[in-house]
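Single-letter residue listing:
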Amino acid sequence: MSRIGNSPVKVPPGVRVSIETDRVLIEGPQGKLEYAVPEGISVTQEGDTLRVTRTGNERRVRSFHGLVRALLQGGVIGAAEGYVKQLDIVGVSYQARLEGQNLMLQVGFANPVKKTIPAGLTVEVPSSTVVVVRGADKQKVGQFAAEVRAVRPPEPYKGKGIRYQGERVTRKQGKSFVSSE
């Protein structure tokens, strides 16, 4: 029995949920989200809570029970409050800037790296070494932040690169040269 799938999803005020046979639409102040509901799973709304139930007990249906509930929970939170990922850029002359719908990263390569900002996300660059990614869809925010970080992940010797705010980079000592006399 899925413990996560059985717990209800609380819908905060200001968020509207409309349920159709094969999908759920969530609309709030931060944006609109749409989730597909797989066969064998049903979603019902009772007042300000959502309940996810399964019609059968097959392995495939059981595996989707908790997943659908977790996706709906994330969608409700995203539509109400939104998600934020902050990236810090560490390194001499490493910097970021916005040019229209593109994020330009100058991180030690010969040319700047251009990342196109996906629809539904807003990217801010409050200073040249901080990038803030915001959006209603948790998956999109995390995916774009991971793609930006992958351009130049933090390296263990000097700690230079792009990292999440609060990420701790384990530093290595490096080589030490000893004369052979």
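First things first, this report covers the structure right here in the doc. (Residues numbered from 1 in each chain as written. Predicted model: local features only at pLDDT ≥ 70, side-chain atom pairs only at ≥ 80, totals over all residues. Heavy atoms only, no water.)

### Section: the overall build of the protein chain
What counts here: Helix and strand definitions follow DSSP, with helices as H or I runs of at least four residues and strands as E runs of at least two, each counted in order from the N terminus. Both definitions apply: the radius of gyration is a C-alpha atom measure, and the globule rule equals 2.2 Å times residues to the power 0.38. Any residue under 20% of the maximum accessible area for its type is buried, any over 50% is exposed, and the rest in between are partly exposed; the area is computed with a 1.4 Å probe on protein chains only. A contact between two residues is defined here by any heavy atoms of the two lying within 4.5 Å.
Regarding its fold elements, the protein chain presents three helices and 13 strands. In terms of overall dimensions, the protein chain is more spread out than a globule: its C-alpha atoms have a radius of gyration of 22 Å, far above the 16 Å expected for 181 residues. With the C-alpha coordinates aligned to their principal axes, the bounding extent of the protein chain is approximately 75 × 45 × 25 Å. The buried share of the protein chain, reckoned over its 181 residues, is 35%. Residue pairs in contact within the protein chain that sit at least 24 positions apart in sequence constitute 51% of those at least 6 positions apart.

### Observations concerning the packing of aromatic side chains
Definition in use: The pairing test for Phe, Tyr and Trp rings, Trp by its six-membered ring, is centres within 6.5 Å, and the orientation test on the planes gives stacked under 30 degrees, edge-to-face over 60, and tilted for anything in between. Cation placement over rings: the criterion is NZ of Lys or CZ of Arg within 6 Å of the ring centroid and within 35° of the ring normal.
Scanning the model with the defined rule gives zero aromatic pairs in all. It is lysine 85 that lies over the ring of tyrosine 164; its NZ or CZ is 5.2 Å from the centre. We note arginine 152 situated over the ring of phenylalanine 109; from NZ or CZ to the ring centre the distance is 4.3 Å.

### Focus: the pairing of strand β3 (residues 23–28)
Spelled out, the test is: At least two DSSP bridges between two strands are needed for those strands to be called paired.
Side chains of β3 alternate between two faces, with Val24, Ile26 and Gly28 buried and Arg23, Leu25 and Glu27 left unburied. In terms of strand pairing, strand β2 (residues 16–19) meets β3 through four bridges, oriented antiparallel. What sits directly across from serine 18, in β3, is leucine 25. As paired elements, β3 and strand β4 (residues 31–36) share six bridges and run antiparallel to each other. Paired with glutamate 27 across the two strands is lysine 32, which belongs to β4.

### Some details on the sheet that holds strand β8 (residues 95–99)
Test applied: Simply put, an axis is a line fit to the C-alpha atoms, just over the touching stretch for a helix, and the angle between two N-to-C directions goes from 0 to 180 degrees.
The three strands lie next to each other as β8-β9-β10, forming an open sheet whose pairing is antiparallel. Sheet topology places β8 and β10 (113–116) at the edges, where each strand pairs with a single neighbour. On average, adjacent strands in this sheet sit at an angle of 25° to one another, irrespective of strand direction. Strands in contact with helix α3 (residues 138–151) are β9 (102–106) and β10; relative to β10, the strand with the most contacts, it is inclined by about 175°.

Geometry only, nothing functional implied.
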